[in-house]
Amino acid sequence: MEKIYDTIIIGGGPAGLSAGLYAARSKMNTLIIEGVKFGGQVTSTYEIENYPGSIENCTGPSLSERIKKQAEEFGTKFSVDQIIDVNLEGDTKIIKGKKDSYEAKTVIICTGANPRLGGFKGELELRGKGVAYCATCDADFFTDLDVAVIGGGDSAVKEAIYLTKFAKHVTVIHRRDSLRASKSLQEKAFANSKISFIWNSVVEEAIGKDGLEKVLIKNKLTDESSELKVDGCFVFVGYDPVTQLFEGKLSLEKGYIVTDEDMRTSVSGVFAAGDVRKKSLRQVITATADGAIAATSAEHYIEEHS
Ligand code: NAP
């Protein structure tokens, strides 16, 4: 007979790993399936300075690695597979991957969210040739060069500050006249002499032959266009939830999975945790908390249904 797990967790970022830790520690037979590599989006974050207790040398990858080790020590199993279909109805949930098919009494969805595209001309053509979405991954390529950052949220401002460790100068291009980022990040950015701002403006085009050479910027108030010579353009304009697999199967709002405070989705025995669910604060701390709650709810669900 095929093995039926107590819970299968789809996604191995902080939410999934924490759900795995809590589930396995409660003696649930637990499998985490991750598509590419474990750790999730946080592994693209250089410094985690707002996760309680992470005072020094706490990077995204090191935090993920520690949670994974902890989950493993409690007995969580791991598998790398690309999930292509799910059947979430009924008592046994079926998760189909490219490599294998898996069954479980409960499912915890922790698929997170992907960086959103800027939507300007030339973006896709110059992606990887100057247009980038991850400062931790690509900052080094722009050592002593000029870069632009698009966006005004926490990601844009935080990564702009990080980029100043490498780049000669960082120009933040934001569509409004004030930042959405937290006040503490704003203060750091305004005090950094290597960062300047272009307000009320959007990038309309990325231009370059073999690599990015300049961006075409339009001021939304005056309609005036201007060019900015840059070697790199980092796009940080938010994230899209990874929920295509669940469309028509779970209740979604703007693509995010709707849950109650116990992480229960609209389908019995199916839970969601982390950035993939509808919530107001998407942080490592809220993702890990969601994961713990989801695993505990899954445990209660199994108790009630056995
Ligand atoms: P976000 O908070 O949604 O900010 C997206 C930014 O991009 C906003 O400034 C938005 O402008 C701008 N934008 C959106 N679409 C655009 C477009 N088409 N063209 C130009 N600009 C566009 O996203 P985020 O910064 O990625 O953060 C996501 C979540 O993670 C947030 O909850 C954030 O607090 C959290 N986070 C926290 C940290 C931390 O260190 N504490 C670090 C990273 C992320 P408007 O402001 O005009 O809407």
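This is a predicted model, so every value here is computed, not measured.

A. Highlighting the state of the cysteines. By the definition in use, this model includes zero disulfides. Distance from the sulfur of Cys 233, which forms no disulfide, to the nearest cysteine sulfur (Cys 134) is 15 Å.

B. Region of interest: helix 5 (residues 183–190). Among the residues of helix 5, Leu 185, Gln 186 and Ala 189 are the ones counted as buried. Seen from one end, helix 5 has its buried residues packed into an arc of 100°, which puts them on one side. Away from its buried face, by an angle of more than 90 degrees, helix 5 presents the exposed residues Lys 183 and Glu 187. Lining the buried residues of helix 5 we find helix 4 (154–163) and strand 11 (195–198).

C. Up close: the environment of Lys 194. Note on placement: Lys 194 falls in the loop between helix 5 and strand 11. The residues contacting Lys 194, other than those within four sequence positions of it, are Thr 164, Ala 167, Lys 168, His 169 and Val 170. In terms of polar contacts, Lys 194 uses its side chain to reach the backbone carbonyl oxygen of Ala 167, at 2.8 Å.

D. The arrangement of the sheet that holds strand 13 (residues 214–219) in detail. Ordered in space as 12-13-14, the three strands form an open sheet in which the pairing is antiparallel. Single-partner strands in this sheet number two, and they are strand 12 (201–207) and strand 14 (225–229). Going from strand to strand, the sheet's axes swing by 30° on average, the running direction of each strand aside. Relative to strand 13, strand 12 runs antiparallel, the two being bridged by six bridges. In the sheet register, Ile 207 faces strand 13, and the bridge partner there is Lys 214.

E. Here's a closer look at the packing of aromatic side chains. Under the defined criterion, the tally for this structure stands at seven aromatic pairs. Relative to Trp 199, the ring of Phe 190 lies with its centre 6.5 Å away and its plane at 55°, an arrangement referred to as tilted. A relative accessible area of 27% means that Trp 199 is categorised as partly exposed. In textbook terms, an aromatic cluster arises when at least three aromatic residues are bridged by ring pairs, as seen for Phe 142, Phe 234 and Phe 236.

F. Region of the structure containing the sheet that holds strand 10 (residues 169–173). Sheet architecture is open: five strands sit in the order 8-15-9-10-11, paired in parallel fashion. In this open sheet, the two strands that pair with only one neighbour each are strand 8 (131–132) and strand 11. Inspection of the sheet shows strand 8 paired to strand 15 (residues 232–235) by two bridges, in the parallel sense. Following the sheet pairing, Ala 132 is matched in strand 15 by Phe 234. Helix 4 rests against strand 9 (146–150), strand 10, strand 11 and strand 15 of the sheet, and its axis sits at about 170° to strand 9.

G. Here's a closer look at a positive patch on the surface. A cluster of basic residues, Arg 175, Arg 176, Arg 180 and Lys 220, forms a positive patch at the surface. Within the secondary structure, Arg 176 sits in the loop between strand 10 and helix 5. Residue class for Arg 176 comes out partly exposed when judged on its relative accessible area of 33%.

H. Looking closely at the side chain of Glu 123. One can find Glu 123 in the loop between strand 7 (113–115) and strand 8. No salt bridge forms around the buried Glu 123; measuring N to O, its nearest opposite-charge neighbour Arg 127 is 6.5 Å away. There is a polar contact of 2.6 Å between the side chain of Glu 123 and the backbone nitrogen of Gly 119. For Glu 123, the residues in contact, after removing those within four places along its chain, are Leu 117, Gly 118, Val 131, Tyr 133 and Val 235.

I. Molecular detail of the site of the ligand. The environment of the ligand is made up of 19 residues, and the closest members are Asp 154, Ser 155, Arg 176, Arg 180 and Gln 283. For the ligand, whose free accessible area comes to 920 Å², the fraction covered by protein is 77%. Residue composition of the shell around the ligand, by class: four nonpolar, nine polar and six charged. Taken domain by domain, the shell around the ligand gets at least three of its residues from each of domain 1 (4–115 + 239–305) and domain 2 (131–235).

J. Fine view of the pairing of strand 4 (residues 83–87). Where strand 4 lies against strand 5 (residues 93–97), four bridges are found, and the strand directions are antiparallel. Residue pairing for strand 5: Asn 87 is matched across the bridge by Ile 94. Between strand 4 and the antiparallel strand that follows it, strand 5, lie five residues; Gly 90 among them carries a positive phi value of about 80°.

K. Examining the nonpolar core more closely. In this structure, Val 147, Val 149, Val 157, Leu 163, Val 170, Ile 195 and Phe 234 are the most contacted members of the largest nonpolar core, which totals 24 residues. Looking at this core, the elements that each hand over two or more residues are strand 9, helix 4, strand 10, helix 5 and strand 11. If one sorts the elements of this core by residue count, helix 4 sits on top with six residues. When near neighbours in sequence (up to four residues on either side) are disregarded, Leu 163 contacts Ala 135, Ala 139, Val 147, Val 149, Val 170 and Phe 234. In this structure, Ala 15, Ile 48, Ala 273 and Ile 302 belong to the second largest nonpolar core, which totals 23 residues.

Rules used in this analysis
- Residues numbered from 1 in each chain as written.
- Predicted model: local features only at pLDDT ≥ 70, side-chain atom pairs only at ≥ 80, totals over all residues.
- Heavy atoms only, no water.
- Disulfide = S-S within 2.5 Å.
- Buried < 20%, exposed > 50% of the residue type's maximum accessible area, 1.4 Å probe, protein only.
- Helix = DSSP H or I, 4+ residues; strand = E, 2+ residues; numbered from the N terminus.
- Arc of directions from axis to C-beta.
- Contact = heavy atoms within 4.5 Å.
- Polar contact = N/O pair within 3.5 Å; in protein donor to acceptor, adjacent residues only side chain to side chain.
- Pairing = 2+ DSSP bridges.
- Axes fitted to C-alpha atoms, helices over the stretch in contact; angles between N-to-C directions.
- Phe/Tyr/Trp six-rings, centres within 6.5 Å; stacked < 30°, edge-to-face > 60°.
- Patch = residues over 30% accessible without salt bridge, like charges linked within 9 Å, V, L, I, M, F, W, Y side chains within 5 Å.
- Areas by Shrake-Rupley, 256 points an atom, 1.4 Å probe, with all protein chains shown as cover.
- Salt bridge = Lys/Arg side-chain N within 4 Å of Asp/Glu carboxyl O.
- Lys, Arg positive; Asp, Glu negative; His and termini not counted.
- Charge placed at Lys NZ, Arg CZ, Asp CG, Glu CD.
- Near = heavy atom within 4 Å.
- Nonpolar A, V, L, I, M, F, W, Y, C, P; charged D, E, K, R; others polar.
- Domains from an automatic or database assignment.
- Core = buried A, V, L, I, M, F, W, Y, C linked by side-chain atoms within 4.5 Å.

None of this, on its own, says anything about what the molecule does.
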